[in-house]
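Take a look at the letters that make up each chain.
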Amino acid sequence: MAIRTVGIIGAGSSGITSVKSCLEEGLQPICFERQSGFGGVWYTDDEKTKKGFNFMFDSLTTNTSKEMMCMSDFPFPEDYPPFPTPRQMQDYWRSYVEHFKLKEHIRLGQKVTKITDIGSGRWKIVAEDVDNGNITETEVDALIVSSGLQGTPNAPEIPGQQEFAGKVYHSQEFRRGTDYIGKKVVVLGASFSAGDVAVDCSRHSNMTYMSTRRGCWVMRRTFRGAGPWDLHILSRWFNYMPECFQELYLEVVFRALVNHEDLGLESDIRLYSGASIMLNDSINDQILCGKLKIKPEIKMLTKDSVVFADDSRVEDVEAVILATGYKKYYPYLEDKSMRESLEDKFDLYKYIFLPGHPTFAAVGLAKGLGPQASSYELQSRWVARVFSGKCKLPSESVMRSAANTLREENLRDHGSVHSYVLWIPYVLDLAEEIGCLPSPWTYLFTKPRLALKLALGTINPYIFRLTGPHSWDGALGAIEDSTRKTIKPTKTRLSKVPYTNFVYTLARYLLILLVLLFAVLLKSYFF
């Protein structure tokens, strides 16, 4: 049966891109969003104070740069900083919806309560109006689950929590550090949100402690003072290195920027072996200034204190903030085995397609060290082409085998099953499936500079609109203008002293060539 209508759950970045991708392929998307606006976690209006919606705290800044997390045919405004604010992110997604006329395909204020497989690959979606409680039922030919990864807090119960007189709550409810002026605060966790919350609190509290069981790897938004980190690391030249060399290289760089061992942050796990990663520009300064202290895991709570695993104790604690991430939670799926596949087993083909259910896809389940939104766009483009019959999936047995192999690798390397991916090979693989991965050889003689960028340069989203289905005429210009647009909002004063000269530039490129040569030799020798 040919697929015409596609139900899409959620209008965050993964849902919005799924709507657009379906329209590109001639499908009819019907998107359900429980909030009254677009953008998912970036929707920051007062409605966020309602119970159950994710909060964006005041000091939050994006972890990836605008030239890497923009959609492939819709750049951010030039005057936006390299790392936009939540409000700017909300405005961007609103503009995206308006520009591509997606609003008429999105039903706002609709909470999906149940999804049922009604046979022949079709699905029935039951939704409740959040304002008046009216129930609607919609039947569709295919289904995309894109309700995000930050909906349900993972809030572990701490021994003694019931006795504790202070407040224990998840970082989802955190708003601003000024709420903790003169207080003692303990933040549990060691990843992105834990660092942001701990640093913000430490600027105002009497003392802030961050509790971590295994430590973490800390990176900065700028890469060794040379611009946004993702513009340097997420590149083809980096991908040519063997994974062991990539890991070693990044660990050396991270240690050079932050003294992990002396600050108590040192990770017990290697970077590519499931370690926690924190992107934070200020945590080392706050520790060195005595405003923030790193402690081991929490052993228990008493009435007014926190006891840690090394039996040290902090008295008069007034708040414990659980920056412990989120659970993958899909309660609206009636089929228990499908829920388990998305929440625990992750036995999906490339973390997208569920073997045995050719009209079902999950967009936004996979995560990696890179811009999530641009990878979600590639996922949605591939899904839409599969649903429209323009791309073919392998057999069910092949998909199950691939999913099981990945599961076994996770258990072997990390001791657990997860949906994390190496971002660069993952997005390149998706682009190849879609047919939008450009070859440097195509431009070698006509546009040699572009060919060099495609062979060695940054893997920014624009390259996936150079060729293939639904290419964009502005892609080439966007690629060539990417550096200027990154610098423009920050370089508001021109220096009279030139930063570079011929000798500096020559030495820089020679060093890059030497690193590449060494990486290629290592790869050919070991692999």
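Data block above holds the structure.
Criteria and cut-off values
- Residues numbered from 1 in each chain as written.
- Predicted model: local features only at pLDDT ≥ 70, side-chain atom pairs only at ≥ 80, totals over all residues.
- Heavy atoms only, no water.
- Salt bridge = Lys/Arg side-chain N within 4 Å of Asp/Glu carboxyl O.
- Helix = DSSP H or I, 4+ residues; strand = E, 2+ residues; numbered from the N terminus.
- Buried < 20%, exposed > 50% of the residue type's maximum accessible area, 1.4 Å probe, protein only.
- Phe/Tyr/Trp six-rings, centres within 6.5 Å; stacked < 30°, edge-to-face > 60°.
- Lys NZ or Arg CZ within 6 Å of the ring centre and 35° of its normal.
- Core = buried A, V, L, I, M, F, W, Y, C linked by side-chain atoms within 4.5 Å.
- Contact = heavy atoms within 4.5 Å.
- 1 Å grid on protein atoms, 1.4 Å probe; cavity = no way out; pocket = protein on both sides within 12 Å on 5 of 7 lines; lining within 4 Å.
- Points joined across faces, edges and corners; volume = space filled by probe spheres on them.
- Expected span 1.5 Å × (residues − 1).
- Axes fitted to C-alpha atoms, helices over the stretch in contact; angles between N-to-C directions.
- Parallel < 35°, antiparallel > 145°, perpendicular 65-115°, else oblique.
- Left-handed = near helix turned anticlockwise from the far one by under 90°.
- Nonpolar A, V, L, I, M, F, W, Y, C, P; charged D, E, K, R; others polar.
- Patch = residues over 30% accessible without salt bridge, like charges linked within 9 Å, V, L, I, M, F, W, Y side chains within 5 Å.
- Areas by Shrake-Rupley, 256 points an atom, 1.4 Å probe, with all protein chains shown as cover.
- Pairing = 2+ DSSP bridges.

Draft legend 1. Here's a closer look at the pattern of salt bridges. For the structure on display, the rule yields 27 salt bridges. Put simply, Asp-73 and Arg-465 hold a salt bridge, and the shortest N to O gap is 3.8 Å. Of this pair, Asp-73 sits in the loop between helix 2 (66-69) and helix 3 (86-99) while Arg-465 sits in the loop between helix 13 (448-456) and helix 14 (475-487), placing them 392 residues apart in sequence. Of the two residues, Asp-73 and Arg-465, both sit in the buried class. The salt bridge partner of Arg-400 is Glu-396, with a shortest N-O separation of 2.9 Å. Taken as a pair, Arg-400 and Glu-396 lie in helix 11 (residues 396-414) at a separation of four residues, close to a single helical turn. A relative accessible area of 39% places Arg-400 in the partly exposed class.

Draft legend 2. Focus on the packing of aromatic side chains. Throughout the structure, instances matching the rule amount to 18 aromatic pairs. On the numbers, 6.0 Å between centres and 10 degrees between planes, the contact of Phe-174 with Tyr-180 is stacked. Directly above the aromatic system of Tyr-169 lies the positively charged group of Lys-167, at a separation of 4.6 Å from the ring centroid.

Draft legend 3. Region of the structure containing the nonpolar core. One finds Met-210, Leu-265, Leu-333, Phe-353 and Phe-387 to be the most contacted residues of the largest nonpolar core, which totals 140 residues. Setting aside residues up to four positions removed in sequence, Leu-333 forms contacts with Ile-115, Leu-143, Val-145, Met-338, Arg-339, Leu-342 and Phe-360. The next biggest cluster of nonpolar side chains, apart from the first, holds 14 residues, and it includes Leu-188, Leu-301, Val-306 and Val-317.

Draft legend 4. Structural context of unusual backbone geometry. Phi is positive for Ser-120, which is not a glycine, with a value near 60 degrees. Summarising the element assignment, Ser-120 is placed in the loop between strand 4 (110-119) and strand 5 (122-129). Although it is not a glycine, His-470 adopts a positive phi angle of roughly 60 degrees. As for its position among the elements, His-470 is in the loop between helix 13 and helix 14.

Draft legend 5. Structural context of empty space enclosed by the protein. For the structure shown, the criterion picks out one cavity of 30 Å³ or more. Size it by volume and the largest cavity reaches roughly 30 Å³. In this structure, the largest cavity is lined by Val-145, Ser-146, Ser-147, Gly-148, Tyr-330, Ala-362, Val-363, Gly-364 and Leu-365.

Draft legend 6. Broad picture of helix 12 (residues 423-434). With 12 residues, helix 12 ought to run about 16 Å at 1.5 Å a step, and its terminal C-alpha atoms sit 17 Å apart, in line with that. Buried within helix 12 we find Trp-423, Ile-424, Tyr-426, Val-427, Leu-428, Leu-430, Ala-431 and Ile-434. Against helix 2, helix 5 (229-233), helix 6 (236-239), strand 21 (367-368), helix 10 (372-387) and strand 22 (420-421) lie the buried residues of helix 12. A positive backbone phi angle near 95 degrees is found at Gly-435, which sits one or two residues after helix 12.

Draft legend 7. View of helix 3. For helix 3, built from 14 residues, the straight-helix expectation of 20 Å at 1.5 Å per residue is met to within 8% by its first-to-last C-alpha distance of 20 Å. Residues of helix 3 that are buried include every one of Pro-86, Gln-88, Met-89, Gln-90, Tyr-92, Trp-93, Tyr-96 and Val-97, and no others. The inward-facing, buried residues of helix 3 abut helix 1 (13-24), helix 2 and helix 10. Positioned one or two residues after helix 3, Lys-101 has a phi angle of 55 degrees, which is positive.

Draft legend 8. Molecular detail of the packing of helix 1 against helix 3. Following both chains from N to C, one finds helix 1 and helix 3 inclined at 15 degrees, their axes separated by 11 Å at the closest point. Between helix 1 and helix 3, the angle falls in the class roughly parallel. Note on packing geometry: the crossing formed by helix 1 with helix 3 is left-handed. Of the residues in helix 3, those touching helix 1 at Ser-13, Ile-16, Thr-17 and Lys-20 are Trp-93, Tyr-96 and Val-97. Split into classes, the residues belonging to the contact of helix 1 with helix 3 amount to four nonpolar, two polar and one charged.

Draft legend 9. Up close: a nonpolar patch on the surface. On the surface, Trp-441, Leu-444 and Phe-445 cluster together into a nonpolar patch covering about 440 Å² of accessible area. On the secondary structure map, Leu-444 appears in the loop between helix 12 and helix 13.

Draft legend 10. Highlighting the pairing of strand 5. With six of eight residues buried, strand 5 lies mostly within the body of the structure. The pairing of strand 4 with strand 5 spans eight bridges and is classified as antiparallel. Its bridge partner being in strand 5, Asp-117 is matched across the sheet by Trp-123. Bridge count between strand 5 and strand 6 (residues 135-140): six bridges; the pairing is antiparallel.

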